[in-house]
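Per-entry structural report
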Amino acid sequence: MARILILGAGLSGHTVARYLSRWLKGSAHQITVVSPKALWNWIPSNIWVGVGEMTKKQVTFELGPVYRKAGVDFRQAKAISVHPEGDGELSRPFVTIEYTDDQRAGQTDKIDYDYLVNATGPKLNFGATPGLGPDGGYTVSVCTPEHAIEANEKLQENIKALKQGETRTFVVGTGHGMCTCQGAAFEYIYNIDHCLRENGVRDKARIMWISNEYELGDFGMGGVHIKRGGYMTNGKVFAESLMVERNMEWITRAHVSKIEPGKIHYETLDGTEAELDFDFAMLIPPFAGVGLKAYGKDGSDMTDQLFAPNGMMKVDADYSPKPYEDWSKADWPSTYQNPLYKNIFTVGIAFAPPHPISKVMKSPKGTQISPTPPRTGMPSAAMGRAVAASIRDMLNGAPEPTHRASMGETGAACVASTGSDILKGTAATMTVFPVVPDYETFPEYGRDMDLTFGEIGLAGHWMKYILHHVFIYQAKLGPGWHLLPD
Amino acid sequence: MTTESDSPKVPVKNREPYQQAYYPPVPTRFTRYFRTSVVWQFIRFWIINFKIFKLLAKSHG
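In every chain, residue numbers begin from 1 and rise along the written sequence. Following the order in which they are written, the chains are lettered starting with A and the ligands numbered starting with 1. Selection of residues for local features in this predicted model requires a pLDDT of at least 70, selection of side-chain atom pairs for listing and counting requires 80 or more, and totals for whole chains, interfaces and linings are taken over all residues. Computation of side-chain values: all heavy atoms of the structure, hydrogens and water removed.

Going by what an unreviewed UniProt entry lists, chain A is known as Sulfide:quinone oxidoreductase and is assigned to Thiorhodovibrio winogradskyi.

The structure is reproduced here in structure tokens:
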């Protein structure tokens, strides 16, 4: 009997849990999931919560009953430290956890494991920018359902003021020079625009985009090329067109350095320092690791051996520093196995990427203003499924991981709602293959141009709405869930 | 009904040139119509689904 311990029940961790629970059903192996939150959240739909189109209940569900059905031991707790060699008391590897449920809040426990999957996701590092974020800051967020509810409340207050004849400035984008997840902000800005139009007050609002991208449409993937109108064109043209059509303005190559009430201070790549007034701002925070520590058998701190300085866990990637020209898809991890401890895997945002995908840029002051790589959505699910399959096979005797899901060999699809309406709504559907450009296989653009495309239309909105229900059904382990796409 | 000649003459000012919005393509009415044409979008829906299915198959392959 082996125990598989999964830290985190987000998209990637839950993918590992649901596949392993299916594949190991009836065996003596035990699966334990540790997550500090009782609810699973379909994060993409938080955007609709942030404009009042959906409620928290529509984008979340209780994990406990789902895991009970799947035979998974669920602990509502946060992981504190990893002890891959055990300690003086326990000779087996274990993780220290601290419970967060009402009954046991604050109590600690040790959970031993044979295989550990770190899927702890990101720490929303609002603290990296003074004044950023809803907790003690002056901007809102749509990263969690609670944040999105608060964002909608503030949005509705501003709509009320607009209806009374006032003018308002809405700013959406990234809150730091090294943020990722531009897609969420991109989607939110269009939903704000749509919401203001529905309320008949768009003419009184100024809507601004601010981000760390070199150009609009970079999305932390170094941009993307698509076929459009008889040309190979760039995602920049696609994204700028969307903004111009909706009378939005944009500031790119920007690092938000400080936020004061009603004022955003930012620095741009050319060294300019400027201010932007706002009435409502939703800025995505940078991500960091959740702060897990690692200790050796003798109690010595070995955190820096297992984790990169940003707190994300090292996996089978090539972390040697190299110039942009030498970056390759081969640098990217494929099995997500830790190089020191072969029974530890890391998936989703929790793994340390070897380098960004977008070229690193710095201002004259030395501030890095370029996005870090996205690892959410389809790539997270692909790596979760691959790691689950590898663990299944290793339990059956395979000496090493059997499945791979390198971001240099997998694609991503992103459907960004630009207005919710069953007949008049639209969405921007974008796909990219592979996520990390592969100039060896696709010398011209680094991507397969048959599988990389962008399109705007009602069809995308239908897909977005259907995917919301499909993914929640799948995550709830509804009958036949494994037949649905990840 | 007023005609153009009846309208008060407002001096037309040149717009400030080469602003952000000057460069990107703006969809025509034709393009915008097809973005929400139920028939055309129904066809596109299946085409996009097929493309994403191919992407998924290659990613998980």
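Further remarks concern the sheet that holds strand E18 (residues 280–284) of chain A. Within a beta sheet, neighbouring strands are joined by backbone hydrogen bonds and run either parallel or antiparallel to one another. Residues and elements named next belong to chain A. DSSP-based pairing: two strands are paired if at least 2 bridges between them are found. The secondary structure listing takes helices from DSSP runs of H or I that are at least 4 residues long and strands from runs of E that are at least 2 residues long, numbered from the N terminus. Pairing is parallel in the open sheet, where four strands are placed in the order E14-E11-E10-E18. Only two strands of the sheet have a single neighbouring strand rather than two, namely strand E14 (249–251) and E18. Within the sheet, the average angular offset between the axes of one strand and its neighbour, ignoring direction, is 15°. Pairing of strand E11 (residues 205–210) with E14 involves three bridges; the strand directions are parallel. When the bridges of E14 are listed, Trp209 appears paired with Trp250. Here, two residues are considered to be in contact whenever any of their heavy atoms come within 4.5 Å of each other. What counts as an axis is a line fitted to C-alpha atoms, over the stretch in contact for a helix, and the angles between N-to-C directions run from 0 to 180 degrees. Across the sheet, helix H5 (residues 145–163) is in contact with strand E10 (168–174), E11 and E18; its angle to E10 comes to roughly 150°.

Residues and elements named next belong to chain A. Here three strands make up an open sheet; going across it, the order is E15-E16-E17 and the pairing antiparallel. Each end of this open sheet is capped by a strand with a single partner; those strands are strand E15 (254–260) and strand E17 (273–277). The average undirected angle you get between the axes of adjacent strands in this sheet is 30°. As paired strands, strand E16 (residues 263–268) and E17 are joined by five bridges and run antiparallel to one another. Along E17, the bridge assignment pairs Tyr266 with Ala274.

This paragraph deals with the nonpolar core. All names here are of chain A. Within the largest apolar cluster, 96 residues are counted, with the highest numbers of intra-cluster contacts made by Tyr188 and Ile192. Beyond its immediate sequence surroundings of up to four residues, Tyr188 is in contact with Ile47, Gly50, Val51, Val142, Ala151, Leu155, Val172, Phe280 and Met282. Ala77, Tyr113, Phe307 and Met313 belong to the second largest nonpolar core, which has 20 residues in total. Side-chain atoms within 4.5 Å are what join buried Ala, Val, Leu, Ile, Met, Phe, Trp, Tyr and Cys residues into a set we call a nonpolar core. Note on exposure labels: buried denotes an accessible area under 20% of the residue type's maximum, exposed denotes more than 50%, and partly exposed covers the range between, all computed with a 1.4 Å probe on protein chains only.

Counting residues at the interface gives 36 residues for chain A and 24 residues for chain B. Interface area for chain A against chain B, summed over the two sides, is near 2700 Å², with a carbon-plus-sulfur share of 71%. For salt bridges, the criterion is a side-chain nitrogen of Lys or Arg within 4 Å of an Asp or Glu carboxyl oxygen. Connecting chain A to chain B are three salt bridges. The salt bridge partner of A:Glu455 is B:Arg44, with a shortest N-O separation of 2.7 Å. Two N or O atoms count as a polar contact when they lie within 3.5 Å, although within protein this holds only if one can serve as hydrogen donor and the other as acceptor, and sequence-adjacent residues are included solely when both atoms are side-chain atoms. Our enumeration of links across chain A and chain B arrives at nine residue pairs in polar contact (both at pLDDT 80 or more). Elements with a minimum of two residues in the side of chain A that touches chain B: helix H7 (235–245), E14, helix H9 (378–395), strand E22 (412–417), strand E23 (427–432), strand E24 (453–457) and helix H10 (458–475) of chain A. In the scheme used here, Gly and all other residues not listed as nonpolar or charged are polar, with Ala, Val, Leu, Ile, Met, Phe, Trp, Tyr, Cys and Pro taken as nonpolar and Asp, Glu, Lys and Arg as charged. Across the side of chain A that touches chain B, the residue classes tally to 19 nonpolar, eight polar and nine charged. Defined here as a combined quantity, buried area equals the accessible surface (1.4 Å probe) lost by two parts on assembly, summed across both.

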